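Commentary on secondary and tertiary structure
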Amino acid sequence: MTRLRTLLACLLLTAAAVTAGGCSDVAEERTLVVLGPWTDGEERPFVEALRRIGERTGRSYVYKGTRSLRETLLAQLQADAPPDLAILSSPGDLAEYARTGDAYPLPEKVAGAAVPPWAPAVTVRNERGEARTHAYWAPVRVDLKSLVWSRWASAGKKVDWCLGMGSGATSGWPGTDWVEDLLLQRQGPAQYESWATGKTSWQLTRPAWEEWGRLLAENNKDDGRALGAEGLRSSFDFDHGRYGLLNGGGRCTHEHQGSFIRRHYGDDVLPEPTARFLGARSAGKSVYEVSGDLAAVFKPGAAAWDLLGRLTSREAREDWAEAAKPGERPYFPGGTFGSVPLSGSTRAVQDLLDGAGEICLDASDAMPPTLRDAFYRAVLEFLGAPRSGALLTRLLEQLEAERLLQLKEDAFVLDDLCDNAPW
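Residues numbered from 1 in each chain as written. Predicted model: local features only at pLDDT ≥ 70, side-chain atom pairs only at ≥ 80, totals over all residues. Heavy atoms only, no water.

1. Description of the environment of Arg52
- When you line up the elements, Arg52 lands in helix α3 (residues 44–57).
- By relative accessible area, Arg52 is classed as partly exposed at 24%.
- Along the sequence, Arg52 and Ala316 sit 264 residues apart, while their C-alpha atoms lie 8.0 Å from each other.
- Excluding anything up to four places from it in sequence, Arg52 contacts Asp319 and Glu322. (Helix = DSSP H or I, 4+ residues; strand = E, 2+ residues; numbered from the N terminus. Buried < 20%, exposed > 50% of the residue type's maximum accessible area, 1.4 Å probe, protein only. Contact = heavy atoms within 4.5 Å.)

2. Description of empty space enclosed by the protein
- Per the counting criterion, the structure on display carries 5 cavities of 30 Å³ or more.
- For the largest cavity, the calculated volume is near 140 Å³.
- Glu42, Arg141, Arg262, Glu328 and Arg329 are the residues nearest the centre of the largest cavity, which is lined by 14 residues in total.
- Among the elements that take part in the lining of the largest cavity, strand β6 (residues 138–144) stands out by supplying 3 residues, more than any other.
- Taken together, the residues that form the lining of the largest cavity break down as 6 nonpolar, 1 polar and 7 charged.
- By volume, the second largest cavity is sized at about 80 Å³.
- Contributing to the lining of the second largest cavity are 15 residues, with Ala95, Ala366, Pro368, Ala411 and Val413 lying nearest its centre.
- Sort the elements by how many residues they give to the lining of the second largest cavity and helix α5 (residues 91–100) lands first, with 4 residues.
- Its residues placed into classes, the lining of the second largest cavity shows 11 nonpolar, 2 polar and 2 charged. (1 Å grid on protein atoms, 1.4 Å probe; cavity = no way out; pocket = protein on both sides within 12 Å on 5 of 7 lines; lining within 4 Å. Points joined across faces, edges and corners; volume = space filled by probe spheres on them. Nonpolar A, V, L, I, M, F, W, Y, C, P; charged D, E, K, R; others polar.)

Pasting the structure below:
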């Protein structure tokens, strides 16, 4: 009878703790699961940092990585078996999870980890129509975009652009980076932010598409007609992309890609700001597009919030940096590194970060998921005839129709995508 009363008491305490948004000691003894995007060895430094957190807290953590992050998380949510934390690169997806109540707002004790522009406030409405604004996630690692990579041997030579679009279900995203970066560099952060948050028509982007089309046509030497299978080769983690497009043996000399790509190259490949390739009409050499890996809590409890706070702490960042190879050292909003020397490419990116003025979150990452996916598809179709004005007109009309639909459904909930660099 005593054992039965003890068991019932534990169950009641657990239920009370869950109702209050916390967890009892019994519930906190389980292993916490972190779902994230890193696989194929890229996850090892993070797993080591997670292990060291476990040594300090006495808790057990497990990391589960997948390249099909959106599909995996959706399946787990439908099965009512979410991870404790999930790390995503898409604030648009996270905003959707905030709207549906699957992701939880940050409590005051960890709200300071929501560093802008990676973690803008999200306004959601409850069942009674009341609006509430909170931060729902925090950046654990960041990357700099608006970069062009080339070898020393290519300095001063004619630019032959590498082009890779294939990336499984998200094929086309390197092309959206091109359009976004050209828009940011040519028209500046204010126009960029207005478009990315759904306030401005897609017609604003037409000059960026046309400029990219001219670059592609000049590069392809076939009067701007279809680029073919070689042009759609992946730039990330499939086929030749595992080694980077500049290692593919082709004639291309320059690649427009984010700072993560350095892990595929040696120090003979270094970055420069995109603005240096655009001439005097750029908005400014210190304006950059950025992305991030963002942590949100999907199974709230004291241990989950504690873990999020620790993952964004200086101590965990130093552990993560120390465990990484020199060419794979992560970047953080505060620029914190461990004591291990940086590789040449890592240092080059860090120098650009240190000199950044205004930074803007990746526009397609921040869009509602259906609009983002339509953007990806439009890029792939555009590549078939990048100099066709009629095709571009149709694509922009389709994207504008999707924007208006998302506005009607009140799906644009992010506003502040640009901010001064926090370095």
